[in-house]
Structures are given as C-alpha cells and as structure tokens.
Amino acid sequence: MSMTPHEAAIEPQADLPYTAAVARDTAAYYERVARVIPEIEWPVHAPYIAAINALKRERNAVILAHNYQTPEIFHCVTDFVGDSLGLARQAMESDADIIVLCGVHFMAETAKLLNPEKTVLISDLEAGCSLAASITGADVRLLRERYPGTPVVSYVNTSAEVKAETDICCTSSNAVEVVESLGVERVIFLPDEFLAHYVAGQTDVSIVSWKGRCEVHERFTAAELRELRQGHSDIVILAHPECPPDVIEEADFVGSTSAMIGYVGDKRPARVVMITECSMSDNVAVEFPEVDFVRPCNLCPHMKRITLPKILASLQTLTHAITIDADIVAPARRSVERMLELNRRARA
Ligand code: 13P
Ligand code: SF4
C-alpha cells in the first residue's frame, strides 16, 4: 500500500457550491435517499454527486461499491453494489476503462487481479481491513510446513500476497461450498477464526484456523442480541458469519451482506436487525420502507474512509491506482478465479 509523493499530495477539493442546476440534476437521487439522509445534509453531498456522475461518463469509468458504503455513495453514484463475491464478479464483467472501487483495499486488489489491463482506483489507500492485516504470505508458508499436503482456503479479505499462497479463495457467501469442493478431510482456512468456526459447524471437513478477526463484527455480543429480543418480541435477527459463535447462535439467519439483503427482500419481516456494519441498514431501509430496521451501530473505520469528495478527486487525478507485484499476480489471480469458476458451475 505504498504511496508515491505525487499520490500523497492529492487532497479532495474544498466544498463545491450547491447551485440551482445541481439541485435539479440530483433531485431524483434525493427522493430516493430522503428517509436516511437529512435534508440539511443534501447541499453538501449533491454537488459531488453531480460532478462524479458527469466525470464518470466522460472517463468511461464504473463505480463499484460494497454494501457498507454510506447511502449517498451507495445509492447516488454507483453502477454496481454488492457483497465481496458480487463485486468480484461485476469487476470481471465490466467493459469500462476504469473501475473505481468504493470499499476496502483487498476488494480493489481483487478487482485489479481480475482486470490486470484496466485502471482500478481506490480513493483512499488507507482503507484496510483487520482481517487482511492479520496474516502475511510468510505466515501461510509456515502453516503449509506445519500441515503438509493440506490445502489452503483464504477468505477474500486477504492481501494479494496471501492469495498468491492460497489454493482457492472464498467469501462469506460461498465458504462452505468452497471447503467441500476440495474433496479432502482437512483444510487450512484463513484468516477469520469466527468464519472458520461457522464453516466447521456446517461441514464434516476438519478446519485448521487462524486467529484473525473482523474488528467490527467481533464487538457484537450475545447479551446485546438477547436484549434486542426482550425489547422487540417480533424482531428477526440477521447476522454476518464474521460474528462470534455465541452471537451466531442467537441469530435467526446467518449470511453474507447480500444474503441478508436477500432475506429482507424475500421475507419482508415487520422488524429486523442486521448484526453487521452500520451503513447496511440505511442502504437497505431505502429499498424496503415498510420494514422497521433496529440499528445498533458498529462502523467499519476503513469503509468510512471512502467519501464523495475523495471519489471525485480519485476520478479527476486517477489515483490511487492499484498495482500488484508482477510475481504474485498470476498465482493470486488463480485462487480468485478458481472460486469464481466454482460459483459459475454451481449456478449453471
Ligand atoms: P461480504 O462479502 O459478506 O459483503 O463481507 C465483506 C466484509 O468485509 C464483511 O465485513
Ligand atoms: Fe474488514 Fe471487518 Fe471492515 Fe469488513 S467490516 S472491511 S471484515 S474490518
């Protein structure tokens, strides 16, 4: 994640003016997000939304955003939104010249692995992930020495360097499938110990795990969930598999961010809580006004580094372009492609 002096100097510009033309051009977006963005904030966001959407067309760029991005990004400047698997798939299918990834660094790196010839931008290089930071390629090599012949499955929440040491990647939406696809009795599953625990409970394959954790999901507690049930007898609890095991046990449904959104869309519960990053509920509430979202708020500080002014600066200056060491591109790409290939076969 090193920065050149040129990149380091790029700062988002000062606030843009909220003109009558901007108000008119962005009115439809405001109508969409009015339930989750106070009117007083709109003059701050709207000029950036107008400028980003215009520049995106000019540059033949697409904006891909993770479900944890804030509503003014998620609903107002994106071409595709989704979970980690969805973003990887969409990155692969895009025919734009430039991909701007609104999410964290490993997501942009994955998009670059799948599109080596394209410019892939992330608007803040410091948007990291506690899981990706928990393990290095050297750690994986040591694990392989310790468990000879045991295949390595890595969560996509890892660096390209770790992916290059990996047999096959997985995301929260296909982890069990990926583990079982290898047809072996034991796998090394990296780096999330809670996701590993969840997967171990769904399969007979024995799992060797690592001690990585998501700093957002590890903070939820089962006591908090029980309190929510006491306060709202009809509440449906949806949890991400990066949560601790006792939290998972208290939940009514466990799935990736997009699986949680799918649950709300299919079942339309009267009241729901999403035990995951805070912005998800805002984004989903926009789509389902009839559902009451209870919103405990754990923010991902890395996801929140991405802002509209930074996205505009990124498109203007074409920074920060993701680069990956030439010697790890091919093996890292292979581990992501194996996962995508498995998914393609499962969907066929
Ligand atoms: P999803 O793939 O479920 O969107 O998860 C990504 C992530 O970073 C969750 O914390
Ligand atoms: Fe990483 Fe957790 Fe943030 Fe997702 S929410 S990017 S796993 S720190």
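Residues numbered from 1 in each chain as written. Chains lettered and ligands numbered in written order. Predicted model: local features only at pLDDT ≥ 70, side-chain atom pairs only at ≥ 80, totals over all residues. Heavy atoms only, no water.

Undergrad: Would you take a moment to explain the packing of helix 2 (residues 20–33) against helix 3 (residues 42–58) for this structure?
TA: Following both chains from N to C, one finds helix 2 and helix 3 inclined at 110°, their axes separated by 9 Å at the closest point. The angle between helix 2 and helix 3 places the two elements in the roughly perpendicular class. From helix 2, Val-22, Thr-26, Tyr-29, Tyr-30 and Val-33 reach across to helix 3, where they touch Trp-42, Ala-46, Pro-47, Ile-49, Ala-50 and Asn-53. Class assignment of the residues belonging to the contact of helix 2 with helix 3 gives a composition of 9 nonpolar, 2 polar and no charged. (Axes fitted to C-alpha atoms, helices over the stretch in contact; angles between N-to-C directions. Helix = DSSP H or I, 4+ residues; strand = E, 2+ residues; numbered from the N terminus. Parallel < 35°, antiparallel > 145°, perpendicular 65-115°, else oblique. Contact = heavy atoms within 4.5 Å. Nonpolar A, V, L, I, M, F, W, Y, C, P; charged D, E, K, R; others polar.)

Undergrad: How should the site of ligand 2 be read in this particular structure?
TA: Taken together, Tyr-68, Val-104, Cys-129, Ser-130, Leu-131, Asn-157, Cys-214, Val-216, Glu-242, Cys-300 and Met-303 form the complete shell of residues around ligand 2. Placement of ligand 2 is best described as lying within the largest cavity. A per-class count over the shell around ligand 2 returns 8 nonpolar, 2 polar and 1 charged. (Near = heavy atom within 4 Å. 1 Å grid on protein atoms, 1.4 Å probe; cavity = no way out; pocket = protein on both sides within 12 Å on 5 of 7 lines; lining within 4 Å. Sits in = over half its atoms within 2 Å of the grid points.)

Undergrad: So what exactly am I meant to see when it comes to unusual backbone geometry here?
TA: At the junction of Leu-190 and Pro-191, the peptide bond is cis and its omega measures out at -15° in the coordinates. Inspection of the secondary structure assignment puts Pro-191 in the loop between strand 7 (186–190) and helix 10 (193–200). Cis geometry marks the peptide bond from Thr-319 to His-320; its omega dihedral reads -10°. In this structure, His-320 sits in the loop between helix 15 (308–317) and helix 16 (326–347). With a phi angle near 55°, Leu-318 is a residue other than glycine that sits in the positive phi range. Relative to the helices and strands, Leu-318 is located in the loop between helix 15 and helix 16. What makes Leu-318 partly exposed here is its relative accessible area of 34%. (Buried < 20%, exposed > 50% of the residue type's maximum accessible area, 1.4 Å probe, protein only.)

Undergrad: Would you mind going over the site of ligand 1 with me for this structure?
TA: Near ligand 1 the following residues occur: His-66, Tyr-68, Asp-83, Ser-84, Asn-157, Ser-172, His-217, His-240, Glu-242, Ser-256 and Thr-257. Taking Glu-242, its side chain carries an N or O atom lying 2.9 Å from an oxygen atom of ligand 1. Here an oxygen atom of ligand 1 and a side-chain polar atom of Thr-257 are 2.5 Å apart. For ligand 1, the accessible surface in isolation is 300 Å², of which the surrounding protein chains cover 96%. Applying the majority rule of atoms within 2 Å of the grid points places ligand 1 in the largest cavity. Of the residues assigned to the shell around ligand 1, the class counts are 1 nonpolar, 8 polar and 2 charged. (Polar contact = N/O pair within 3.5 Å; in protein donor to acceptor, adjacent residues only side chain to side chain. Areas by Shrake-Rupley, 256 points an atom, 1.4 Å probe, with all protein chains shown as cover.)

Undergrad: Is there a simple way to think about the environment of Met-260 in this case?
TA: Mapped onto the fold, Met-260 is located in helix 13 (residues 257–267). Taking the C-alpha atoms as reference, Met-260 lies 8.0 Å from His-240; in sequence the two are 20 residues apart.

Undergrad: How should I be thinking about helix 3 in this particular structure?
TA: For an α-helix the count is 3.6 residues per turn, leaving residues at separations of three or four pointing the same way. If you check helix 3, its first and last C-alpha atoms are 24 Å apart, about what 17 residues at 1.5 Å a residue would give, namely 24 Å. Among all positions of helix 3, only Trp-42, His-45, Ala-46, Pro-47, Tyr-48, Ile-49, Ile-52, Asn-53, Leu-55 and Lys-56 are buried. Those residues of helix 3 that are buried are in contact with helix 2, strand 1 (61–66), helix 4 (71–74) and helix 15. The positive-phi residue at the C-terminal boundary of helix 3 is Asn-60, with phi of around 50°. (Expected span 1.5 Å × (residues − 1).)

Undergrad: Please explain the side chain of Thr-203 as it appears in this structure.
TA: Relative to the helices and strands, Thr-203 resides in the loop between helix 10 and strand 8 (206–209). Here Thr-203 falls in the buried class, since its relative accessible area comes to 10%. Sequence-distant contacts of Thr-203, defined by excluding residues within four places in its chain, comprise Val-176, Val-179 and Glu-180.

Undergrad: Please explain helix 10 as it appears in this structure.
TA: Burial within helix 10 is extensive, with 6 of its 8 residues counted as buried. Regarding helix 10, the residues found buried are Glu-193, Phe-194, Leu-195, Ala-196, Tyr-198 and Val-199. Buried positions along helix 10 lie against strand 5 (152–155), helix 9 (175–181), strand 7, strand 8, helix 12 (245–250) and strand 10 (253–254). Sitting at the head of helix 10, Asp-192 places a side-chain oxygen 2.9 Å from the backbone nitrogen of Phe-194.

Undergrad: Would you explain the sheet that holds strand 1 in this entry?
TA: Whenever strands of a sheet pair, they do so through backbone hydrogen bonds, lying parallel or antiparallel. What the 4 strands build is an open sheet, ordered 2-1-3-4; its pairing is parallel. Strand pairing shows two members of the sheet lacking a second neighbour, strand 2 (80–82) and strand 4 (119–121), which therefore form its edges. The mean inter-strand angle of the sheet, taken between neighbouring strand axes irrespective of direction, is 20°. Pairing between strand 1 and strand 2: 3 bridges, direction parallel. Each residue of the ladder has a partner; that of Ala-65, found in strand 2, is Val-81. Lying over the sheet, helix 15 contacts strand 1, strand 3 (98–102) and strand 4, oriented at roughly 160° with respect to strand 3. (Pairing = 2+ DSSP bridges.)

Undergrad: Where do I start with the side chain of Ser-84 in this structure?
TA: The residue Ser-84 is located in helix 5 (residues 84–93) in this model. By relative accessible area, which is 18% here, Ser-84 ends up buried. Sequence-distant contacts of Ser-84, defined by excluding residues within four places in its chain, comprise His-66, Phe-106, Met-107, Val-156, Asn-157 and Thr-171.

Undergrad: What's the story with the sheet that holds strand 9 (residues 236–239) in this structure? I'm lost.
TA: With respect to topology, 4 strands assemble into an open sheet ordered 10-9-11-12, the strand pairing being parallel. Edge positions in the open sheet fall to strand 10 and strand 12 (292–294), since each of these has one partner strand only. Pairing of strand 9 with strand 11 (residues 271–275), which is carried by 4 bridges, proceeds in the parallel orientation. Paired with Ala-239 across the strands is Ile-275, a residue of strand 11. In the packing of helix 11 (residues 222–231) onto the sheet, the strands contacted are strand 9, strand 11 and strand 12, and the crossing angle to strand 11 comes to about 170°. Contacting strand 9, strand 10, strand 11 and strand 12, helix 13 runs over the sheet at an angle of about 155° to strand 9.

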